[in-house]
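Coordinate inspection notes
Here is what each chain is made of, one letter per residue.
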Amino acid sequence: MQNLAQKLIKKSSNPQFIGEVFNFAKEIYKDKKWLRGKDLYIDHVLRMAISLQDMGIDDITVSTALLYGATDTSLQVEKESIIDEVEKKFGKEITELVKRTSELNKIYYSFRVNGKKQRQEEKNENLRKMFFAIAKDLRVILVKISSRIDGLNRLDYISPETKKIYASETLDIFVPIANRLGLGEIKRNLEDLAFSYI
């Protein structure tokens, strides 16, 4: 983790700021696990941030990736406290982006488990529209896509059936979003990774 963090900070146009965001994220996530408990959450967001940085994305978006799951807590008081702290330390812009990524996660996951009978394509199209409506900012979608790419690279510990579901979601939701945004290289990357599990 330390090597990844050093790489991220060193390559940044504002190393001090990115270092502060990373240290805050590390403190917030502590030992929080990601993806079936086989990986630390801080490692996941670090890989996301480096991926975005490698694409030439700005430090605000990279910071949002580092804080991607900071507000994912079931305790409203704790969530509000974290949001206040993020705003005090890093400003309103990052705070808004972090809140939007959190909202997007909530909508996305509630949509996934929704038991309503609905044609799959209609459901997928509604979900894609909701992504754009909630995100309201391309950077939020880029953060979500970078999380998906990192997830696709780390499905070793889940069942073949779950891998197929994850891959199908990628092809049904994320690939069309990348395509609509004109992100050809990201679209191809998502497709290549997803097809390897189907």
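Anyway, here's the lowdown on the structure attached to this text. What you are looking at is a predicted structure, and each value in this text was computed from that prediction instead of being measured. (Residues numbered from 1 in each chain as written. Predicted model: local features only at pLDDT ≥ 70, side-chain atom pairs only at ≥ 80, totals over all residues. Heavy atoms only, no water.)

**Description of the nonpolar core**
Condition: Here the nonpolar core consists of buried residues drawn from Ala, Val, Leu, Ile, Met, Phe, Trp, Tyr and Cys, with membership extended through side-chain atoms lying within 4.5 Å. For each residue, the accessible area found with a 1.4 Å probe, counting protein chains only, is set against the maximum for its type, and the residue is called buried under 20%, exposed over 50%, and partly exposed in between. Any two residues whose heavy atoms approach within 4.5 Å are treated as being in contact.
Grouped together as the largest cluster of nonpolar side chains are 57 residues, with contacts concentrated most on Leu8, Val45, Leu66, Leu67, Phe90, Ile145 and Leu190. Contacts of Leu66, omitting those with residues within four sequence positions, involve Leu8, Ile18, Val21, Phe22, Ala25, Tyr29, Val45, Leu46 and Ala49.

**Quick look at the packing of helix 3 (residues 41-54) against helix 4 (residues 59-66)**
Each pair of packed helices can be summarised by the angle the axes make with each other and by the distance between the axes. As a reminder, the rule being used: Interaxial angle, 0 to 180 degrees, is taken between N-to-C directions of lines fitted to C-alpha atoms, where a helix line uses only the stretch in contact. Working definition: helices are DSSP H or I runs of at least four residues, strands are E runs of at least two. Numbering for both runs from the N terminus. Orientation labels follow simple angle bins: below 35 degrees gives roughly parallel, above 145 gives roughly antiparallel, 65 to 115 gives roughly perpendicular, and whatever is left gives oblique. Put simply, a crossing is left-handed when the front helix is turned counterclockwise from the back one by less than a right angle, and right-handed when it is turned clockwise. Residues are grouped as follows: nonpolar covers Ala, Val, Leu, Ile, Met, Phe, Trp, Tyr, Cys and Pro; charged covers Asp, Glu, Lys and Arg; every other residue, Gly included, is treated as polar.
Where helix 3 contacts helix 4, the two axes come as close as 8 Å, and the packing angle between them is 165°. Comparing their axes, helix 4 and helix 3 come out roughly antiparallel. Handedness of the crossing formed by helix 3 with helix 4: right-handed. Between helix 3, through Val45, Leu46, Met48, Ala49, Leu52 and Gln53, and helix 4, the contact on the second element is made entirely by Thr61, Val62, Ala65 and Leu66. Tallied by class, the residues present in the contact of helix 3 with helix 4 amount to eight nonpolar, two polar and no charged.

**Here we look at the pattern of salt bridges**
Put simply, the rule is: By definition, a salt bridge exists where a carboxyl oxygen of Asp or Glu is found within 4 Å of a side-chain nitrogen of Lys or Arg.
Within the structure shown, the criterion is met by eleven salt bridges. Two residues, Asp137 and Arg139, come together in a salt bridge whose shortest N-O distance is 2.8 Å. We classify Asp137 as partly exposed; its relative accessible area is 22%. Three or more residues joined by partner-sharing salt bridges are found here, namely Asp39, Arg47, Asp150 and Arg154.

**Some remarks on the packing of aromatic side chains**
The description of two aromatic rings rests on the distance between their centres and on the angle between their planes. Formally: Stacked, tilted and edge-to-face are the three classes assigned to paired rings of Phe, Tyr and Trp, where Trp is represented by its six-membered ring and a pair needs centres within 6.5 Å; plane angles under 30 degrees give stacked, over 60 edge-to-face, the rest tilted. The rule is short: NZ of Lys or CZ of Arg within 6 Å of the ring centre and within 35 degrees of the ring normal puts a charge over the ring.
This model, assessed by the stated rule, comprises three aromatic pairs. Between Phe17 and Phe90, the aromatic rings sit 5.8 Å apart at their centres with planes inclined by 85°, giving edge-to-face as the arrangement. Remark: Phe90 occurs in helix 5 (residues 76-90) and Phe17 occurs in helix 2 (residues 15-29); sequence separation between them is 73 residues. There is no split in this pair, since Phe17 and Phe90 are both buried. On the numbers, 5.5 Å between centres and 70° between planes, the contact of Phe24 with Phe90 is edge-to-face. Of this pair, Phe24 sits in helix 2 while Phe90 is found in helix 5, placing the two residues 66 residues apart along the sequence. Its relative accessible area of 4% is what places Phe24 among the buried residues. The class of Phe90 is buried, set by a relative accessible area of 9%. Three or more aromatic residues joined by ring pairs form one cluster here, namely Phe17, Phe24 and Phe90. Residue placement shows Lys32 over the ring face of Tyr41; its charged tip is 4.4 Å from the ring centre. The lysine or arginine in question, Arg148, covers the ring of Tyr166, its NZ or CZ lying 3.9 Å from the ring centre.

**Overview of the packing of helix 1 (residues 2-11) against helix 2**
Close contact between helix 1 and helix 2 brings their axes to 9 Å; oriented N to C, the two are set at 150°. Judged on the interaxial angle alone, helix 2 and helix 1 are roughly antiparallel. When helix 1 is examined against helix 2, the residues Gln2, Ala5, Leu8 and Ile9 are found in contact with a partner set consisting of Pro15, Ile18, Gly19, Phe22 and Lys26.

**Structural notes on the environment of Met55**
With respect to the helices and strands, the residue Met55 is situated in the loop between helix 3 and helix 4. Look at Met55 and you get partly exposed, because its relative accessible area is 37%.

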